[in-house]
Amino acid sequence: MSRLLFAALFCLALSAPLGADEHQHVAQAPATAAAQPPAQPETGVRELAAVNIEFRGTKVWVPSTFIVRKGEKVRLTLINNAPSGVHGWACDELNIKVAVNNDEKDNKKVVEFTPTRTGLFRTYCHLHPAHIGGEILVID
Ligand SMILES: [Cu+2]
């Protein structure tokens, strides 16, 4: 059962960035101004989010995999909804290492970065090695 859950979450993670691109394409189609969906909050910034969850003692950031472009500014919101306490999100190649509390009024951190090179980079919780990690694929 848990394998099925993680497979489903993984598929969601892969589809999320592509879905965002499709949405932007639709927004550029001819339409009246009133009918157009709201624009991105800030032009040129890719807004992403991940939620830390816990299922039968296994912790994972969902989605775990992101696809971003080299030179594109990324704003990643990390929300820790795991009941087990503070969890981390780190990526050595992007020089990111943050700890996210799980308090009701303090369970969010926003990380901004702009990848300067392409590659597949590992993400992980630097506080708990057993915490399931993920990857960031940086493309041209
Ligand atoms: Cu952790």
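Rules of the game
Residue indices follow the written sequence of each chain, beginning from 1 at its first position. In keeping with the predicted nature of the model, local features appear solely for residues at pLDDT of at least 70, side-chain atom pairs appear and are counted solely at 80 or more, and the whole-chain, interface and lining totals rest on all residues. Being paired, for any two strands, means DSSP has found at least two bridges between them. Secondary structure counts use DSSP, requiring at least four H or I residues in a row for a helix and at least two E residues in a row for a strand, with both numbered from the N terminus. Angles shown run from 0 to 180 degrees and are taken between the N-to-C directions of axes, each axis being a line fitted to C-alpha atoms and, for helices, limited to the stretch in contact. Counting other C-beta atoms within 10 Å of a residue's C-beta gives its exposure: the residue is buried at 20 or more, exposed at 12 or fewer, and partly exposed in between, where C-beta atoms are placed from the backbone. Confidence of the predictor at the level of single residues is captured by pLDDT, which takes values from 0 to 100. Contacts here follow a simple rule: the backbone-placed C-beta atoms of the two residues must lie within 7 Å. Each nonpolar core consists of buried Ala, Val, Leu, Ile, Met, Phe, Trp, Tyr and Cys residues. Their C-beta atoms, within 7 Å, join them into a set.

### Section: the sheet that holds strand 1 (residues 45–55)
Pairing in this open sheet of four strands is mixed, and the strands run 2-1-4-7 from one edge to the other. Edge positions in the sheet fall to strand 2 (58–62) and strand 7 (108–113), since each has one partner strand and no second. Each strand axis lies, on average, 20° off the axis of its neighbour in the sheet, ignoring direction. Here six bridges tie strand 4 (residues 73–80) to strand 7, and the two strands are oriented antiparallel to one another. Within strand 7, the position partnered with Leu 76 by the bridge is Val 111.

### A word on the pairing of strand 2
When you tally the buried positions in strand 2, you get four out of five residues, the bulk of the element. As defined by bridge partners, strand 1 adjoins strand 2 across five bridges and the pair is classed as antiparallel. Following the sheet pairing, Asn 52 is matched in strand 2 by Trp 61. Between strand 1 and strand 2, which follow one another and run antiparallel, lie two residues, and Arg 56 among them has a positive phi close to 50°.

### Observations concerning the confidence of the model for the protein
The predicted model of the protein has a mean per-residue pLDDT of 81, with 70% of residues at 70 or higher. Low pLDDT, under 50, characterises residues 1–33; the predicted model gives this stretch 20 contacts beyond four residues in sequence or across chains.

### Details of the nonpolar core
Core analysis: the biggest nonpolar cluster contains nine residues, these being Ala 50, Val 60, Trp 61, Val 62, Leu 76, Leu 78, Trp 89, Val 100 and Cys 125. Of all the secondary-structure elements, those providing two or more residues to this core are strand 2 and strand 4. By size, the runner-up hydrophobic cluster in this structure holds six residues, among which are Phe 66, Val 68, Leu 94 and Val 138.

### Quick notes on unusual backbone geometry
Glycine aside, a negative phi is what most residues show, and trans is what most peptide bonds show. Looking along the chain, the bond that leaves Val 62 and enters Pro 63 is cis, with omega of -5°. Its identity as a non-glycine residue notwithstanding, Arg 56 has a phi of 50°, on the positive side. Its place among the elements puts Arg 56 in the loop between strand 1 and strand 2. Among the residues examined, Arg 56 registers 7 C-beta atoms within 10 Å and is labelled exposed.

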